[in-house]
Amino acid sequence: MPRIFSNLNLNGSTPPRVQPTIGEWGPLRVPSTKAKKRMRIWVGLVLLGTMIALFLLGWYVYHATTGSWGFGIGS
């Protein structure tokens with residue numbers, strides 16, 4: 001007989017020690033969707049800042065070793 005509704009048990013065959021504790025209104029100590037969205041934004045901003053900082057560090061090292069600013073600036 002075909003199933004009309006999907007299985008709502010998202011834990012599947014995972015062992016009980018790794019399953020979230022179920023409270024009155026749902027899982028306890030599980031990040032909310034809003035928290036996950038905020039974390040995705042923060043990770044993107046940190047990645048962008050890190051890439052810019054590495055680029056500027058490389059540009060500084062290039063200028064310190066060659067004396068040229070690069071990109072055709074000051075030539």
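First things first, this report covers the structure right here in the doc. As the structure is a prediction and not an experimental result, all values here were calculated from the model.

A closer look at the overall build of the chain
Point 1. Within the chain one finds one helix and zero strands.
Point 2. Relative to a compact globule of 75 residues, whose C-alpha radius of gyration would be 11 Å, the chain shows 25 Å and is clearly more extended.
Point 3. Along the first, second and third principal axes, the C-alpha atoms of the chain reach 75 × 30 × 25 Å.
Point 4. For the chain, with 75 residues in total, the buried portion stands at 3%.

Re the packing of aromatic side chains
Geometry of an aromatic ring pair is reported as the spacing of the ring centres plus the angle between the planes.
Point 1. Evaluation of the coordinates by the stated rule reveals two aromatic pairs.
Point 2. Look at Phe 55 and Trp 59: their rings are 6.0 Å apart centre to centre, the planes differ by 40°, and that puts the pair in the tilted class. One end of the pair, Phe 55, and the other, Trp 59, are both in helix H1 (residues 33-66), four residues apart, so they sit about a helical turn from each other.
Point 3. Judged by its relative accessible area of 26%, Trp 59 falls in the partly exposed class.
Point 4. With centroids separated by 6.3 Å and ring planes inclined at 80°, the aromatic side chains of Trp 59 and Trp 69 adopt a geometry described as edge-to-face. Residue Trp 59 is located in helix H1, and its partner Trp 69 is located in the segment after H1; the two are separated by 10 residues in the primary sequence.

Description of a positive patch on the surface
Point 1. Together, Lys 34, Lys 36, Lys 37, Arg 38 and Arg 40 make up a positively charged patch on the protein surface.
Point 2. You can see Arg 40 is positioned in helix H1.
Point 3. Under the relative-accessibility criterion, Arg 40 is labelled exposed at 59%.

Looking at a nonpolar patch on the surface
Point 1. A surface patch of nonpolar side chains, amounting to about 950 Å² of accessible area, comprises Leu 47, Leu 48, Met 51, Ile 52, Phe 55, Leu 56, Trp 69, Phe 71 and Ile 73.
Point 2. Residue position: Leu 47 is located in helix H1.

Description of the environment of Gln 19
Point 1. Counting through the fold element by element, Gln 19 comes out in the segment before H1.
Point 2. The contacts of Gln 19, once residues within four sequence positions are left out, are Asn 11 and Thr 14.
Point 3. Reaching out from Gln 19, the side chain makes a polar contact with the backbone oxygen of Thr 14 at a distance of 2.8 Å.

A closer look at H1
Point 1. The terminal C-alpha atoms of H1 lie 49 Å apart, and with 34 residues this matches the ideal 50 Å at 1.5 Å per residue to within 8%.
Point 2. Backbone geometry just downstream of H1 places Gly 67 in the positive-phi region, at approximately 85°.

Here is what the cut-offs are and how they apply
Residues numbered from 1 in each chain as written. Predicted model: local features only at pLDDT ≥ 70, side-chain atom pairs only at ≥ 80, totals over all residues. Heavy atoms only, no water. Helix = DSSP H or I, 4+ residues; strand = E, 2+ residues; numbered from the N terminus. Rg over C-alpha atoms; globule rule 2.2 N^0.38 Å. Buried < 20%, exposed > 50% of the residue type's maximum accessible area, 1.4 Å probe, protein only. Phe/Tyr/Trp six-rings, centres within 6.5 Å; stacked < 30°, edge-to-face > 60°. Patch = residues over 30% accessible without salt bridge, like charges linked within 9 Å, V, L, I, M, F, W, Y side chains within 5 Å. Areas by Shrake-Rupley, 256 points an atom, 1.4 Å probe, with all protein chains shown as cover. Salt bridge = Lys/Arg side-chain N within 4 Å of Asp/Glu carboxyl O. Lys, Arg positive; Asp, Glu negative; His and termini not counted. Charge placed at Lys NZ, Arg CZ, Asp CG, Glu CD. Contact = heavy atoms within 4.5 Å. Polar contact = N/O pair within 3.5 Å; in protein donor to acceptor, adjacent residues only side chain to side chain. Expected span 1.5 Å × (residues − 1).

The analysis is restricted to geometry; functional conclusions fall outside its scope.
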